[in-house]
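Chain and residue survey
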Amino acid sequence: MRKQLIAANWKMNGTRAANAQWLDAFRAVAASTAGRDVVVCAPYPYLPQLVAGLAGLAAEAGAQDLCIDAPGAHTGDVCGEMLLDVGVGWVIVGHSERRATRGEDDAIVATKAARALALGLRPIACVGETLEERDAGRATAVVERQVAALLQRCPARDLLKGAIAYEPVWAIGTGRNATGAQAQEIHSVVRGAIARHDADAAAALRVLYGGSVKPGNAAELLAQPDIDGALVGGASLVAADFAAICSAAPAR
Ligand code: PEP
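First, a word on what this report is: a plain description of the structure on this page.

Calculation notes
- Residues numbered from 1 in each chain as written.
- Predicted model: local features only at pLDDT ≥ 70, side-chain atom pairs only at ≥ 80, totals over all residues.
- Heavy atoms only, no water.
- Axes fitted to C-alpha atoms, helices over the stretch in contact; angles between N-to-C directions.
- Helix = DSSP H or I, 4+ residues; strand = E, 2+ residues; numbered from the N terminus.
- Parallel < 35°, antiparallel > 145°, perpendicular 65-115°, else oblique.
- Left-handed = near helix turned anticlockwise from the far one by under 90°.
- Contact = heavy atoms within 4.5 Å.
- Nonpolar A, V, L, I, M, F, W, Y, C, P; charged D, E, K, R; others polar.
- Near = heavy atom within 4 Å.
- Polar contact = N/O pair within 3.5 Å; in protein donor to acceptor, adjacent residues only side chain to side chain.
- Areas by Shrake-Rupley, 256 points an atom, 1.4 Å probe, with all protein chains shown as cover.
- Buried < 20%, exposed > 50% of the residue type's maximum accessible area, 1.4 Å probe, protein only.
- Core = buried A, V, L, I, M, F, W, Y, C linked by side-chain atoms within 4.5 Å.
- Expected span 1.5 Å × (residues − 1).
- Pairing = 2+ DSSP bridges.
- Right-handed = clockwise from strand over helix to strand, strands pointing away.
- Salt bridge = Lys/Arg side-chain N within 4 Å of Asp/Glu carboxyl O.

Brief notes about the packing of helix H5 (residues 106-119) against helix H7 (residues 139-153)
- Between H5 and H7, the shortest axis-to-axis distance is 8 Å and the interhelical angle comes to 45 degrees. If you check the angle between H5 and H7, you find them oblique. Considering how the two elements wind past one another, H5 and H7 form a crossing that is right-handed. Contact residues: H5 offers Asp106, Ala107, Ala110, Thr111, Ala113 and Ala114, while H7 offers Arg145, Gln146, Ala149, Leu150 and Arg153.
- Here the contact of H5 with H7 is composed, by residue class, of six nonpolar, two polar and three charged.

Describing the site of the ligand
- Neighbouring the ligand are 14 residues; Lys11, Glu167, Gly173, Ser212 and Gly234 lie closest to it.
- One nitrogen or oxygen atom from the side chain of Lys11 is found 2.7 Å from an oxygen atom belonging to the ligand.
- One of the side-chain N or O atoms of His95 is found 2.9 Å from an oxygen atom in the ligand.
- For the ligand, the accessible surface in isolation is 290 Å², of which the surrounding protein chains cover 96%.
- Classifying every residue of the shell around the ligand by side-chain character gives four nonpolar, eight polar and two charged.

A word on unusual backbone geometry
- One non-glycine residue, Lys11, adopts positive backbone phi at about 50 degrees.
- Position of Lys11 relative to the elements: it lies in the loop between strand E1 (5-9) and helix H1 (16-29).
- Its identity as a non-glycine residue notwithstanding, Ser212 has a phi of 55 degrees, on the positive side.
- Relative accessible area serves as the criterion here: at 10%, Ser212 is assigned to the buried category.

Considerations on the environment of Val38
- When you line up the elements, Val38 lands in strand E2 (residues 37-41).
- By relative accessible area, Val38 is classed as buried at 2%.
- Along the primary structure Val38 and Ala235 are separated by 197 residues, whereas in three dimensions their C-alpha atoms are 14 Å apart.

Let's talk about the nonpolar core
- Of all hydrophobic cores here, the largest spans 67 residues; its most connected members are Ile6, Phe26, Leu50, Leu83, Ile194, Tyr209 and Phe242.
- Listed in part, the 12 residues of the second largest apolar core include Ala7, Ile124, Ala163 and Leu231.

Things to note about H5
- The terminal C-alpha atoms of H5, which comprises 14 residues, lie 20 Å apart, in line with the 20 Å expected from a rise of 1.5 Å per residue.
- Buried residues of H5: Asp106, Val109, Ala110, Lys112, Ala113, Arg115, Ala116 and Leu117, and no others.
- At its buried positions, H5 is contacted by helix H3 (80-85), strand E4 (90-93), helix H4 (96-101), strand E5 (122-127), H7 and helix H8 (156-159).
- Downstream of H5 by a residue or two, Gly120 has a phi angle that is positive, lying close to 95 degrees.

Details of the pairing of strand E7 (residues 207-210)
- Neither face of E7 is open: one carries Val207 and Tyr209, the other Leu208 and Gly210, and all of them are buried.
- As paired elements, strand E6 (residues 163-166) and E7 share three bridges and run parallel to each other. Paired with Tyr166 across the strands is Tyr209, a residue of E7.
- Once you follow E7 into helix H11 (residues 215-222) and on to strand E8 (residues 229-232), the crossover reads as right-handed.

Quick word on the side chain of His187
- Structurally, the position occupied by His187 is in helix H9 (residues 180-195).
- Here Asp226 takes part through its backbone oxygen, which lies 3.0 Å from a polar atom of the side chain of His187.
- When neighbours within four sequence positions are excluded, His187 is seen to be in contact with Tyr166, Val207, Leu208, Tyr209, Asp226 and Ile227.

Focus on H9
- With 16 residues, H9 should cover 22 Å at 1.5 Å per step; its first-to-last C-alpha distance of 22 Å lies within 8% of that length.
- Here H9 has its buried residues at Gly180, Ala183, Gln184, Ile186, His187, Val189, Val190, Arg191, Ala193 and Ile194.

Observations regarding the sheet that holds E4
- Strand order in the closed barrel made by the eight strands is E1-E2-E3-E4-E5-E6-E7-E8, with parallel pairing throughout. The mean angle between the axes of side-by-side strands here comes to 25 degrees, regardless of whether they run parallel or antiparallel.
- Sheet topology places strand E3 (residues 59-63) next to E4; two bridges connect them, and they run parallel. Pairing of Ala63 across the sheet is with Val91, part of E4.
- Running at roughly 160 degrees to E1, helix H12 (residues 239-248) makes contact with E1, E2 and E8 of the sheet.

Concerning the pattern of salt bridges
- Using the criterion set out here, one finds 19 salt bridges in the structure.
- Notably, a salt bridge pairs Asp226 with Arg2, separated by 3.9 Å at the nearest N-O pair. Remark: Arg2 occurs in the segment before E1 and Asp226 occurs in the loop between H11 and E8; sequence separation between them is 224 residues.
- Classification of Arg2 as buried rests on a relative accessible area of 18%.
- Ionic pairing is found between Arg157 and Asp198, a salt bridge with its closest N-O pair at 2.9 Å. Of this pair, Arg157 sits in helix H8 while Asp198 is found in the loop between H9 and helix H10 (199-204), placing the two residues 41 residues apart along the sequence.
- Asp198 sits in the buried class, given a relative accessible area of 17%.
- Through salt bridges with shared partners, one network takes in Arg2, Arg191, Asp226 and Asp228.

Everything listed is a geometric property; what it means functionally is a separate question.
Put into structure tokens, the structure is as follows:
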């Protein structure tokens, strides 16, 4: 039985003061998240604060991206070695906001996932179709292409150390979530694509749903057989809402 993983994505939000308040509020309700794995992905400058603030809680810190390259002459970038050095264990790769605005294509995303895995970081690799692709009946083909690209650089067995997040682009930050049935359909596509390479890995891989998850819709989504957790953007900025989403996941 796969343990559910709930990951917060704070995106480019936070201040030291706001983060401290979030951590105080989360600490007060953290016991309610027992039986689920919890990760909080913050902007780079706040990662040390987050690592310290989550100490003693069953929750880990994550970053939102990493550089493809090893340490060296890459001004403005942050490499996986640095994330590990400050106590970060997880990293999001291929978020649709980076695919759309930073030119990250399938090959770059797969290379980032492979680099994270090679260093011992656990990648949450994002896939998902745009509204135009869904309306054109291409959601399955797009997600299969994105998963195939990941598998070209990362053995299925290694992807298990992290997770894949299905995030339909039309549901991110829009307030319009996929229904449980819509999400389940694509989650089984993701698992099927992995199973064609490695059935055991597919059975164990956690596939998260992301896209306007909130306390009010989390239970329906997280009850689907192939949904093993959530990547939560906007709602994760309020600690009580994030904890409520964690608690809506079946405990294992
Ligand atoms: C995200 O940023 O990964 C996300 C799913 O955002 P939201 O929950 O706000 O749709």
